[in-house]
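Each chain, written out:
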Amino acid sequence: MSVLRVVLFRHGPAGKPDHARWPDDALRPLSPRGEARTRAAAKGLKRITSGARAIWTSPLVRAAATAELLREAYAETRVETVDTLRPGGAWRETIERLQHARGAGGTIVLVGHEPDLGRFAGRLAFTVARALPLKKAGACAIEFEGPIGPGKGRVAWLLTPRLLRAVGRVKARVH
């Protein structure tokens, strides 16, 4: 049976909440520095995973911008907006979508928000409610060899944004 790897990637650093500039917090974008850091982390993620079948993103602007930077790093992966990845989204519906997308395995990247994304990671990996907190532009991978559901996944790795950026900067060695 093929393995499905679900990578949970927290959106990159965004501008500070400012009701005058963004009366609707869903419209708050990545900061310029956040965009650069996220682009570098996306390069590292691409190097670790080599490819992704799909990128699913929350509809919030900062998450959608993060997903676009990931798409650029992967060069050909499609991005799909998934409403259940917005803050407070229905994690059971996300699990159902993943189950339907299992197919031939591979990697699906989900871009979302804390604390929901970390709680979702915990639900996938543990039978009791535990969170795997993710820093902005940080990621974790959970692998499934069978059905997708609470406690059915195995944590493959959990990486900080600093480590992802470092992996993205490493030059390939020729032996």
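Look up a bit, the structure's there.
The rules behind the values
Residues numbered from 1 in each chain as written. Predicted model: local features only at pLDDT ≥ 70, side-chain atom pairs only at ≥ 80, totals over all residues. Heavy atoms only, no water. Salt bridge = Lys/Arg side-chain N within 4 Å of Asp/Glu carboxyl O. Buried < 20%, exposed > 50% of the residue type's maximum accessible area, 1.4 Å probe, protein only. Patch = residues over 30% accessible without salt bridge, like charges linked within 9 Å, V, L, I, M, F, W, Y side chains within 5 Å. Areas by Shrake-Rupley, 256 points an atom, 1.4 Å probe, with all protein chains shown as cover. Lys, Arg positive; Asp, Glu negative; His and termini not counted. Charge placed at Lys NZ, Arg CZ, Asp CG, Glu CD. Helix = DSSP H or I, 4+ residues; strand = E, 2+ residues; numbered from the N terminus. 1 Å grid on protein atoms, 1.4 Å probe; cavity = no way out; pocket = protein on both sides within 12 Å on 5 of 7 lines; lining within 4 Å. Points joined across faces, edges and corners; volume = space filled by probe spheres on them. Nonpolar A, V, L, I, M, F, W, Y, C, P; charged D, E, K, R; others polar. Contact = heavy atoms within 4.5 Å. Pairing = 2+ DSSP bridges. Axes fitted to C-alpha atoms, helices over the stretch in contact; angles between N-to-C directions.

**Considering the pattern of salt bridges**
At step 1: Following the criterion strictly, the structure yields 10 salt bridges and no others.
At step 2: For D83, the salt bridge identified is with R86, shortest N-O distance 2.8 Å.
At step 3: The exposure class assigned to R86 is partly exposed, which follows from its relative accessible area of 32%.
At step 4: Ionic pairing is found between E143 and R154, a salt bridge with its closest N-O pair at 2.3 Å.

**Considerations on a positive patch on the surface**
At step 1: Together, K43, K46, R47 and K171 make up a positively charged patch on the protein surface.
At step 2: With respect to the helices, strands and loops of the structure, R47 is situated in helix 1 (residues 32-49).
At step 3: Overall, R47 belongs to the partly exposed group, its relative accessible area being 40%.

**Some thoughts on the layout of surface pockets**
A water-sized probe rolled over the atoms picks out the places where empty space is left.
At step 1: By volume, the largest pocket amounts to about 160 Å³.
At step 2: Listing elements by their share of the lining of the largest pocket, those giving two or more residues are helix 3 (91-101) and helix 4 (116-125).
At step 3: Of all the elements, helix 4 adds the most residues to the lining of the largest pocket, at 5 residues.
At step 4: Looking at side-chain class alone, the lining of the largest pocket contains 4 nonpolar, 5 polar and 4 charged residues.

**Quick look at the side chain of T66**
At step 1: If you trace the backbone, T66 turns up in helix 2 (residues 61-74).
At step 2: Given a relative accessible area of 0%, T66 falls into the buried group.
At step 3: With near-sequence residues (within four places) excluded, T66 lies in contact with F9, R10, H11, G12, L30, T38 and V111.

**With respect to the sheet that holds strand 4 (residues 106-112)**
At step 1: Strand order in the open sheet formed by 6 strands is 3-2-4-1-5-6, and the pairing between neighbours is mixed. Only two strands of the sheet have a single partner each, and these edge strands are strand 3 (78-81) and strand 6 (154-159). Recorded for the sheet is a direction-independent mean angle of 20° between the axes of neighbouring strands.
At step 2: The strands touched by helix 1 are strand 1 (4-10), strand 4 and strand 6; relative to strand 1, the strand with the most contacts, the crossing angle is about 170°.

**A word on unusual backbone geometry**
At step 1: The amide bond that connects E114 to the next residue, P115, takes the cis arrangement and shows omega of 5°.
At step 2: Note on placement: P115 falls in the loop between strand 4 and helix 4.
At step 3: At S50, a residue that is not glycine, the phi angle is positive and equals roughly 65°.
At step 4: Even without being glycine, A137 reaches a positive phi, approximately 70°.
At step 5: Tracing the sequence through the fold places A137 in the loop between helix 4 and strand 5 (139-144).
At step 6: Note on A137: relative accessible area 1%, which makes it buried.

**Topic: the pairing of strand 5**
At step 1: When you tally the buried positions in strand 5, you get 6 out of 6 residues, the bulk of the element.
At step 2: Burial along strand 5 is two-sided: A139, A141 and E143 and C140, I142 and F144, pointing in opposite directions, are all buried.
At step 3: Inspection of the sheet shows strand 5 paired to strand 6 by 5 bridges, in the antiparallel sense. Opposite E143, over in strand 6, you have R154 as the bridge partner.

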